[in-house]
Amino acid sequence: MRRRLSFGMLFVLFGTLFTATFAWSQAQAPVTTAVRAGRLFDPKSGDLLTNQVVLIQGEKITQVGPVASVAIPAGARVIDLSRATVLPGLIDGHVHLTDAVGNLQHQMMVGYHWAMASLNAGYTTQVAMGSHGGGFADVELKRAIESGLVSGPRIVTAGPILNVTAAGNAYFPIDFKPVEPDIVANGAGALRAGVRELAHYGAEHVKIHTTGRFYFDSKGQMFNTPLLTLDEMKAVVDEAHRQGMWVATHTYGGEGLRITIDAGVDNVQHATAATDDDIKMFVQKKMPITTTILDHRQDEPGDLKEWAPYSRFRLVEQTWKKMLAAGVILGWGSGSAPPPGRVFNKECNCSHGVQGEMFPIFVKWGATPVYTLRMATTVNAEIIHKSDTLGTIEKGKFADLIAVAGDPLQDISEMQRVKFVMKGGLVVRDDFATQNNGALRSEK
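Residues numbered from 1 in each chain as written. Predicted model: local features only at pLDDT ≥ 70, side-chain atom pairs only at ≥ 80, totals over all residues. Heavy atoms only, no water.

### Examining the overall build of the protein chain
Test applied: Each helix is a run of DSSP H or I of at least 4 residues and each strand a run of E of at least 2, with the numbering of both proceeding from the N terminus. In this description, contact between two residues means that some pair of their heavy atoms is separated by no more than 4.5 Å. Note that accessible areas follow from Shrake-Rupley with a 1.4 Å probe, and for residues the cover is restricted to the protein chains shown.
Secondary structure assignment for the protein chain yields twelve helices and 19 strands. Of the contacts formed within the protein chain by residues at least 6 apart in sequence, a portion of 66% connects residues at least 24 apart. Of the roughly 21,300 Å² of accessible surface on the protein chain, a fraction of 55% belongs to carbon and sulfur atoms.

The structure is reproduced here in structure tokens:
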């Protein structure tokens, strides 16, 4: 005979299952992390808030506030940054991760190495502005990071640069099959197809050059070769927006810049030779400009050899100051790339990880420390359409935090000495803990 379960037996069975499930769910619940911040930078107000606590569960912030009003839960992991300044993770709006050498596996390893170098310097989000021959290595690296296969920064991907055929000094290949590091397309239809190809393989935005070869005349005026027609540029912008992507352009000035403005691109990189009229249009259209400068400084010896006393670095200083005074939306982007392409620091033979030198340069050019920190946090978060999750230390946003020992509002060079990095609630670097442990050992 089969025994029938009574109501009481069923109740006990379901109760046991509920208890076991609840216990399992509690065991799987993320542990709360509490960060004690002696000073916490709020980009919105521009203030340093003192004696703050940041509570984190998983990869998101759950609560932020003064020590007196935020209770640290029992059993929470506590990170003591009470003698430090805590800031939102930085966003580098212009990096290159690959070096166009070797196959995809090699490119991914190169990309991973340099992305980690910048992450350790506080750049928890990095916007790849074209792979320069690395194909879709940035997309594959992003997938590996997001799947948990490897740790790394948040990468906003571009894949290969989309370009038209430009004037140059390229050799015609002996096998009659031109090999291009970029996606090369001509005409509105072909460029639309190029955008669709980028979208198909996982790129999040389009990077395209709208100016090419350039020179300075004897009076110091910079002339830039335009690359796209207005119809072509409008087709790129329209198709990108249809695909849920945004468009960034490499543009120095001249007709190519005017076409870029008229087409309504989302973000202009460089704008080195922007005129007063161009700057008025930037303001009118609320068009963000991300000006890299350390790459221009690296190229200055070559520029001066050909056009002394004129160079891109000297010109961009004048242009950037004008844009700052006019109220242009100015993003923060380093132009960092693997050596030998970009070397901002000869001692390390690198550019990734040392791009913080831009902060004091911008301050020297007239920006306040607060302004420069906003460029690399809230402003960049708006430019890349991620202000809902990045840019500030607030409830609901990713727990991307960095810390420095001193006060960057008094000495912006502190941003070149980041000592703590957390990305998504996971500690990537903590020099403060290392120092504290060393002090404890010495006391013993």
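### Topic: the layout of surface pockets
Over the atoms rolls a probe the size of a water molecule, and in doing so it shows where empty space is left. What counts is decided by this rule: The method works on a 1 Å grid over the protein atoms by themselves. A cavity is a set of points holding a 1.4 Å probe that cannot get out, a pocket is an open set with protein on both sides within 12 Å along at least five of seven lines, and residues with an atom within 4 Å of a point line them. Grid points are joined across faces, edges and corners, and a volume is the space filled by probe spheres set on the points. Charged means Asp, Glu, Lys or Arg here, nonpolar means Ala, Val, Leu, Ile, Met, Phe, Trp, Tyr, Cys or Pro, and polar covers whatever is left, Gly included.
Empty space within the second largest pocket amounts to approximately 450 Å³. Lining the second largest pocket we find 23 residues, and of these E59, I145, G152, R154 and K423 sit closest to its centre. Grouping the amino acids of the lining of the second largest pocket by side-chain chemistry returns eleven nonpolar, six polar and six charged.

### Notes on the confidence of the model for the protein chain
The criterion, for reference: Confidence scores labelled pLDDT are given residue by residue by the predictor and lie between 0 and 100.
Across the protein chain, the average pLDDT comes to 90, with 88% of residues at or above 70. Overall, residues 5-27 carries pLDDT values under 50, and its contacts beyond four positions in sequence, including any with other chains, amount to one contact. The model gives residues 438-444 a pLDDT under 50, and that stretch makes zero contacts with residues more than four places away or in other chains.

### Some remarks on helix α6 (residues 255-263)
Counted only if it meets this: A 1.4 Å probe rolled over the protein chains alone gives each residue an accessible area, and that area as a share of the maximum for its type sets the label: buried under 20%, exposed over 50%, partly exposed in between.
G256, L257, I259, T260, I261 and A263 are the residues of α6 that are buried. The secondary structure elements touched by the buried residues of α6 are β11 (211-216), β12 (222-226), α5 (230-242), β13 (246-251), β14 (267-270) and α7 (276-285). Following α6 by one or two positions, G264 adopts a phi angle in the positive range, close to 75 degrees.

### Let's talk about the pairing of strand β6 (residues 123-128)
Let me state the cut-off plainly: Every crossover in which the path from the first strand over the helix to the second runs clockwise, viewed with the strands pointing away from the viewer, is termed right-handed. A strand pair is defined by DSSP finding two or more bridges across the two strands.
Burial analysis of β6 places six of its six residues in the buried class, the great majority of the element. Where the polypeptide runs from strand β5 (residues 90-95) across helix α2 (residues 104-120) and back to β6, its parallel neighbour, the crossover connection is right-handed. Two strands pair when backbone bridges link them, and β6 and strand β7 (residues 154-156) are joined in this way by three bridges, in the parallel orientation. Across the sheet, the residue bridging to Q126 is I155, located in β7. With helix α3 (residues 137-146) bridging β6 and its parallel neighbour β7, the resulting β-α-β unit is right-handed.

### Topic: empty space enclosed by the protein
This model, assessed by the stated rule, comprises three cavities of 30 Å³ or more. Computed from the structure, the largest cavity encloses a volume of approximately 60 Å³. Along its surface, the largest cavity is lined by P88, G89, I91, T124, T125, T389, L390, G391, T392, K397, F398 and D400. Looking at the lining of the largest cavity residue by residue, the classes come out as four nonpolar, six polar and two charged. Here the second largest cavity defines a volume of roughly 50 Å³.

### Here we look at the packing of aromatic side chains
What characterises a pair of aromatic rings is the spacing of the ring centres plus the angle enclosed by the ring planes. Stated formally: Put simply, two rings from Phe, Tyr or Trp (the six-membered ring, in Trp's case) pair if the centres are within 6.5 Å, and we call them stacked under 30 degrees between planes, edge-to-face over 60, tilted for the rest. Two limits define a charge over a ring: the Lys NZ or Arg CZ must be within 6 Å of the ring centre, and within 35 degrees of the ring normal.
In this structure the tally under the stated criterion is twelve aromatic pairs. Taking 5.3 Å as the distance between ring centres and 50 degrees as the angle between the ring planes, the aromatic pair formed by F136 and Y201 counts as tilted. Of the two residues, F136 is situated in the loop between β6 and α3 and Y201 in the loop between α4 (188-200) and β10 (205-209); the sequence distance between them amounts to 65 residues. The class for F136 is buried, based on a relative accessible area of 17%. Judged by relative accessible area, which is 43%, Y201 ranks as partly exposed. An angle of 70 degrees between the planes, with centres 6.1 Å apart, marks the rings of F362 and W365 as edge-to-face. W365 gets classed as buried once you look at its relative accessible area, which sits at 6%. Cluster of aromatic residues (ring-pair linked, three or more members): F214, F216, Y252, W307 and Y310. One Lys or Arg, K60, reaches over the ring of F398 and ends 5.0 Å from the middle of that ring. It is R154 that lies over the ring of F398; its NZ or CZ is 3.7 Å from the centre.

### What about unusual backbone geometry?
For the bond from A308 to P309, the omega torsion is 10 degrees, close enough to zero to count as cis. Inspection of the secondary structure assignment puts P309 in the loop between α8 (294-307) and α9 (312-326). A cis amide bond links P339 with the next residue in sequence, P340, at an omega value of 10 degrees. Take P340: it is sitting in the loop between β16 (330-331) and α10 (358-364). Look at N51: it is not a glycine, yet its phi comes out positive at around 50 degrees. Relative to the elements of secondary structure, N51 occurs in strand β2 (residues 47-57). Looking at N51, the relative accessible area reads 49%, which means it is partly exposed. Residues other than glycine seldom take positive phi values, yet N349 does so here, at roughly 50 degrees. As for its position among the elements, N349 is in the loop between β16 and α10. For N349, a relative accessible area of 43% puts it in the partly exposed group.

### Some details on α5
Rules: The span one expects for a helix is its residue count, reduced by one, times 1.5 Å.
Look at α5: 18 Å from first C-alpha to last across 13 residues, which is about the 18 Å you get at 1.5 Å a residue. Of the positions making up α5, those classed as buried are E232, M233, A235, V236, V237, E239 and A240. Taken together, the buried residues of α5 touch β8 (162-163), α4, β10, β13 and α6. Within two residues after α5, G244 carries a phi angle of roughly 75 degrees, on the positive side.

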